[in-house]
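Residues per chain are reported as follows:
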Amino acid sequence: MDPARWLAEYRDRLERASYGARQARESLREVEATARSPRGEVAVTVNAAGALEGVKLTPPARRLEAEALAALIVDTAREAQRIAAARMTEVMAGYLGDSPVLTQITQHVPPEVVR
């Protein structure tokens, strides 16, 4: 193969990979998940990494005992994190396909989330 052609094809592959990485990064920035408690007292929003972005309490939350409210917030946050992990997995699978890299990225995601 002609070295100039090989180099041009290699640069093209690098550019496509770079574009895909930028697209994945942008898509992940948009991933967030909000979960609500079963009766709607609590809503928790997390980002793609599962980090807490916000907690909203409705008036019925004030009637709960502190320990019950704390447990409800934690349970709702876990559900939001599960949803965000599922969305993150979908985004990354779209860019990586079923690959060892996707397996590495999702190894700490709850099993029910990973395809």
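Residues numbered from 1 in each chain as written. Predicted model: local features only at pLDDT ≥ 70, side-chain atom pairs only at ≥ 80, totals over all residues. Heavy atoms only, no water.

Per an unreviewed UniProt entry, the recorded name for the protein chain is DNA-binding protein YbaB, and the organism is Saccharomonospora amisosensis.

1. Notes on the environment of valine 74
Within the fold, valine 74 resides in helix α2 (residues 66-96). Assessed through its relative accessible area of 40%, valine 74 is described here as partly exposed. Sequence-wise, valine 74 and alanine 51 are 23 residues apart; in three dimensions their C-alpha atoms are separated by 13 Å. (Helix = DSSP H or I, 4+ residues; strand = E, 2+ residues; numbered from the N terminus. Buried < 20%, exposed > 50% of the residue type's maximum accessible area, 1.4 Å probe, protein only.)

2. Notes on the sheet that holds strand β1 (residues 32-36)
Adjacent strands of a sheet pair through backbone hydrogen bonds, lying either parallel or antiparallel. Pairing in this open sheet of three strands is antiparallel, and the strands run β1-β2-β3 from one edge to the other. Edge positions in the open sheet fall to β1 and β3 (52-57), since each of these has one partner strand only. Across the sheet, the mean angle separating the axes of adjacent strands is 15° when strand polarity is ignored. Sheet topology places strand β2 (residues 42-47) next to β3; five bridges connect them, and they run antiparallel. Looking at the pairing, valine 42 lines up with leucine 57 of β3. Sheet strands touched by α2: β1, β2 and β3. Its angle to β2, the strand with the most contacts, is close to 40°. (Pairing = 2+ DSSP bridges. Axes fitted to C-alpha atoms, helices over the stretch in contact; angles between N-to-C directions. Contact = heavy atoms within 4.5 Å.)

3. Some words on the side chain of threonine 76
Looking at the secondary structure, you find threonine 76 in helix α2. Overall, threonine 76 belongs to the buried group, its relative accessible area being 3%. A polar contact is formed between the side chain of threonine 76 and the backbone oxygen of leucine 72, at a distance of 2.7 Å. Those residues in contact with threonine 76 that sit more than four places away from it in its chain are Ala35, Arg36, Ser37, Val42 and Val44. (Polar contact = N/O pair within 3.5 Å; in protein donor to acceptor, adjacent residues only side chain to side chain.)

4. Quick notes on a nonpolar patch on the surface
Together, Met1, Trp6, Leu7, Tyr10 and Leu14 make up an exposed nonpolar region whose accessible area comes to about 530 Å². With respect to the helices and strands, the residue leucine 7 is situated in helix α1 (residues 3-30). (Patch = residues over 30% accessible without salt bridge, like charges linked within 9 Å, V, L, I, M, F, W, Y side chains within 5 Å. Areas by Shrake-Rupley, 256 points an atom, 1.4 Å probe, with all protein chains shown as cover. Salt bridge = Lys/Arg side-chain N within 4 Å of Asp/Glu carboxyl O.)

5. Examining the nonpolar core
Judged by nonpolar contacts, Ala33, Ala35, Val42, Val44, Val46, Ala61, Leu69, Leu72, Ala77, Ala80, Ile83 and Ala84 together constitute the single largest core of twelve residues. In contact with alanine 80, other than residues within four places in its own chain, are Ala33, Ala35, Val44 and Val46. (Core = buried A, V, L, I, M, F, W, Y, C linked by side-chain atoms within 4.5 Å.)

6. Re the pairing of β2
Among the six residues in β2, five count as buried, and that is most of the element. In this sheet, β2 lies alongside β1 in antiparallel orientation, the contact comprising five bridges. Each residue of the ladder has a partner; that of threonine 34, found in β2, is threonine 45. Where β2 folds back on β3, the antiparallel hairpin that results is connected by four residues, among which glycine 50 adopts a positive phi of roughly 90°.

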